[in-house]
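Examining the three-dimensional arrangement
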Amino acid sequence: MTPATTLLPALLGLVTGLSLIIAIGAQNAFVLRLGIQGRTRVIAPVVAIAALSDAALILAGVLGMGALVAAAPAVMVVVRLVGAAFLVGYGLWAARRAIRPGALLVTGSSGSTGMRVAVGTVLALTWLNPHVYLDTVVFLGAVASQQDPAERWWWAGGAITASILWFTGLGFGARLLRPIFARPGAWRVLDGAIAVLMLALGARLAFDL
């Protein structure tokens, strides 16, 4: 093996993976909010679930599952509608926090997201989002299929590494923003932005825009 058949494919997978997951989305917004809360006990399993889920989807794409996903439009319609309903509900919840911060405290421990809610939410935001399957399984699977067999798994390793680095940095690095969010007004702005994002994504999924 040479760097051309190991490091280069891995670097390409890393860059390709980052190009897909860095774009702000429902999953990233949720991990960011938890990271700002700074509760390691909660953010650690959420980061692990997000990264491992991405790894599983990337491996599925490399193994050729992308063709099966693309060939199951009926299943994708169900996932799309359920995911849209979840995103709209989460968006309305975030909007309520933004409009009435006193009703759902966000700065103290009593208002922080609990373990069960956090785990359930990140699982839903990951596995009920059809764009995750299209981007991660279908698109990355197609890119992986273009690699030589000897290089394909190095490429997949680079893409998986991108997910691990991104979610770890986002989840544990977000606490650096806590001085800004010591002000309740900053939380209202963040929750307002999350509400708009979730509702827009939910509408996009519902109407297949």
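Anyway, here's the lowdown on the structure attached to this text. (Residues numbered from 1 in each chain as written. Predicted model: local features only at pLDDT ≥ 70, side-chain atom pairs only at ≥ 80, totals over all residues. Heavy atoms only, no water.)

As for the pattern of salt bridges
With the rule as written, the count across this model stands at two salt bridges. Across the pair D191 and R33 runs a salt bridge, and its minimum N-O distance is 2.8 Å. A residue pair is termed long-range when its members are at least 10 positions apart, and D191 in helix α9 (residues 184–206) and R33 in helix α2 (residues 26–37) qualify at 158 residues. Across the pair, R33 and D191 agree in class, each one buried. A relative accessible area of 1% places D191 in the buried class. Salt bridges linked by common partners bring R33, R97 and D191 together as one network. (Salt bridge = Lys/Arg side-chain N within 4 Å of Asp/Glu carboxyl O. Helix = DSSP H or I, 4+ residues; strand = E, 2+ residues; numbered from the N terminus. Buried < 20%, exposed > 50% of the residue type's maximum accessible area, 1.4 Å probe, protein only.)

Overview of the packing of aromatic side chains
In the structure shown here, the tally under the stated rule is four aromatic pairs. Cluster of aromatic residues (ring-pair linked, three or more members): F30, Y90 and W93. Above the face of the W93 ring, R97 is positioned so that its terminal group lies 4.8 Å from the ring centre. (Phe/Tyr/Trp six-rings, centres within 6.5 Å; stacked < 30°, edge-to-face > 60°. Lys NZ or Arg CZ within 6 Å of the ring centre and 35° of its normal.)

A few points about the side chain of R33
For R33, a relative accessible area of 4% gives the class buried. A polar side-chain atom of R33 sits 2.8 Å from a polar atom in the side chain of D191. (Polar contact = N/O pair within 3.5 Å; in protein donor to acceptor, adjacent residues only side chain to side chain.)

Observations regarding the nonpolar core
General note: in soluble globular proteins, nonpolar side chains tend to be found buried as a group. Counting residues in hydrophobic clusters, the biggest one holds 32 residues, and the most contacted among them are F30, V31, L34, V46, I194 and M198. Counting residues per element, the ones that place at least two in this core are α2, α3 (40–62), α5 (73–99), α6 (115–127), α8 (149–173) and α9. Judged by nonpolar contacts, the second largest core, of ten residues, contains I58, A144, W155 and I160. (Core = buried A, V, L, I, M, F, W, Y, C linked by side-chain atoms within 4.5 Å.)

Comments concerning empty space enclosed by the protein
For the structure on display, the rule yields two cavities of 30 Å³ or more. Of the voids in this model, the largest cavity is the one considered here, and its volume is about 50 Å³. Along the walls of the largest cavity sit A26, G83, F86, L87, A124, L125, L128, N129 and L205, which together make up its complete lining. Residue contributions to the lining of the largest cavity peak at three residues, all from α5. Residues of the lining of the largest cavity, tallied by class, amount to seven nonpolar, two polar and no charged. (1 Å grid on protein atoms, 1.4 Å probe; cavity = no way out; pocket = protein on both sides within 12 Å on 5 of 7 lines; lining within 4 Å. Points joined across faces, edges and corners; volume = space filled by probe spheres on them. Nonpolar A, V, L, I, M, F, W, Y, C, P; charged D, E, K, R; others polar.)

Here's the deal with the layout of surface pockets
Of the volumes computed, that of the largest pocket is approximately 480 Å³. Forming the boundary of the largest pocket are 21 residues, of which L20, G25, N129, V132 and D135 lie nearest the centre. No other element matches helix α7 (residues 130–145), which puts four residues into the lining of the largest pocket. A per-class count over the lining of the largest pocket returns eleven nonpolar, seven polar and three charged.

Brief notes about the packing of α2 against α9
Relative to each other, α2 and α9 sit at 160 degrees, their axes nearing to 10 Å. With respect to α9, the element α2 is oriented roughly antiparallel. As α2 packs across α9, the resulting crossing turns out to be left-handed. Contact with α2, carried on its side by A26, A29, R33, I36 and Q37, involves W187, L190, D191, I194, L197, M198 and L201 of α9 and no other residues of that element. A class-by-class count of the residues in the contact of α2 with α9 yields nine nonpolar, one polar and two charged. (Axes fitted to C-alpha atoms, helices over the stretch in contact; angles between N-to-C directions. Parallel < 35°, antiparallel > 145°, perpendicular 65-115°, else oblique. Left-handed = near helix turned anticlockwise from the far one by under 90°. Contact = heavy atoms within 4.5 Å.)

Spatial relationships are all this shows, so hold off on functional conclusions.
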